[in-house]
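Residue-level structure breakdown
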Amino acid sequence: QLATGLGKTEVFCELARRNIAKWGRVMIVAHTTELVSQAAKKLQDRTGLLPAIEQGANFSTEAEGFQSTFVCASRQSLHEARLPRFGGFGLLIIDEAHHASNENQSYKRIIEHLKKDNPDLKILGVTATPKRTDKSALGRVFGVCSYEMGIDKAVNDGWLVPPSVNV
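My aim in this report is to walk through the structure given alongside it, one point at a time.

Analysis parameters
- Every residue gets a number counted from 1 within its own chain, in the order that chain's sequence is written.
- In keeping with the model being predicted, local features are shown solely for residues with a pLDDT of at least 70 and side-chain atom pairs are shown and tallied solely at 80 or more, while totals for entire chains, interfaces and linings include all residues.
- To obtain the side-chain values, all non-hydrogen atoms of the structure were used and water was disregarded.
- A pair of strands counts as paired when DSSP detects no fewer than two bridges linking them.
- By the criteria applied, helices consist of DSSP H or I runs no shorter than four residues and strands consist of E runs no shorter than two, each listed in order from the N terminus.
- Every axis corresponds to a line fitted to the C-alpha atoms, with the helix fit spanning only the stretch in contact, and the corresponding angles, defined between N-to-C directions, vary from 0 to 180 degrees.
- Note on definitions: a residue-residue contact is assigned when non-hydrogen atoms from the two residues lie within 4.5 Å.
- Only rings of Phe, Tyr and Trp enter the pairing, Trp through its six-membered ring, and a pair is recorded when the two centres are within 6.5 Å. The plane angle decides the type: under 30 degrees is stacked, over 60 is edge-to-face, the rest tilted.
- The criterion for a charge sitting over a ring is simple: Lys NZ or Arg CZ within 6 Å of the ring centre, and within 35 degrees of the ring normal.
- By definition, a salt bridge exists where a carboxyl oxygen of Asp or Glu is found within 4 Å of a side-chain nitrogen of Lys or Arg.
- Burial classification: accessible surface area is computed with a 1.4 Å probe over protein chains only, and a residue below 20% of its type maximum counts as buried, one above 50% as exposed, and the rest as partly exposed.

**A closer look at the sheet that holds strand E1 (residues 25-30)**
The strand order across the open sheet built from five strands is E2-E3-E1-E4-E5, with neighbouring strands paired in parallel fashion. Edge positions in the sheet fall to strand E2 (52-54) and strand E5 (122-126), since each has one partner strand and no second. Taking the axes of each pair of neighbouring strands and ignoring which way they run, one obtains an average angle of 20 degrees across the sheet. Both E1 and strand E4 (residues 89-95) contribute to a ladder of five bridges, which runs parallel. Across the sheet, residue Ile28 finds its bridge partner in E4, namely Ile93. Here helix H1 (residues 8-18) sits on the sheet in contact with E1, strand E3 (70-74), E4 and E5, set at roughly 180 degrees to E4. Seen against the sheet, helix H4 (residues 105-117) touches E1, E4 and E5 and runs at an angle of roughly 170 degrees to E4.

**A few points about the packing of aromatic side chains**
In total, this model carries zero aromatic pairs according to the counting rule given. Geometry around Phe89 places Arg25 over its ring, the cationic atom sitting 4.1 Å from the centre.

**Details of the pattern of salt bridges**
Scanning all chains against the criterion turns up nine salt bridges. Measuring nitrogen to oxygen at the nearest pair gives 3.2 Å for the salt bridge that ties Glu14 to Arg46. Of this pair, Glu14 sits in helix H1 while Arg46 sits in helix H3 (residues 33-47); the two residues are 32 residues apart in sequence, bridging distant segments of the chain. Owing to a relative accessible area of 14%, Glu14 belongs among the buried residues under this scheme.

Spatial relationships are all this shows, so hold off on functional conclusions.
Next up, the structure:
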């Protein structure tokens, strides 16, 4: 959990880059076009590899037998017809993980599908807003929060400027 502006995309792209030899292929799932594009660009900047994009009219090359090291996909595009093409991932990163609550069937389906292929699949969820108003428990999906830096700590430690209100 990192407050807005602390570089969640930078963190998970660097984590993926550093651990590609250990975990192998990486899939990043987000829920908006902007976040999918942002992750793909950061991954390419960090690794020099062009990630496959699975979103809307964009189909990755998985169907042709080529497997990209990195796949950036929208949650909405990984539905029943497209999801079966994917496998062999060691790490699944879910951006804006607060959307992946235990009640969200699309994320549950993605996780279950990828775990069938690799029971040791690592799952990382990143978010700035872990506390859900509907009280849905993210701990049932992710197990543990491995790192947390909220706005107060980030401001006090000099990572963010204090918020201001212009009236």
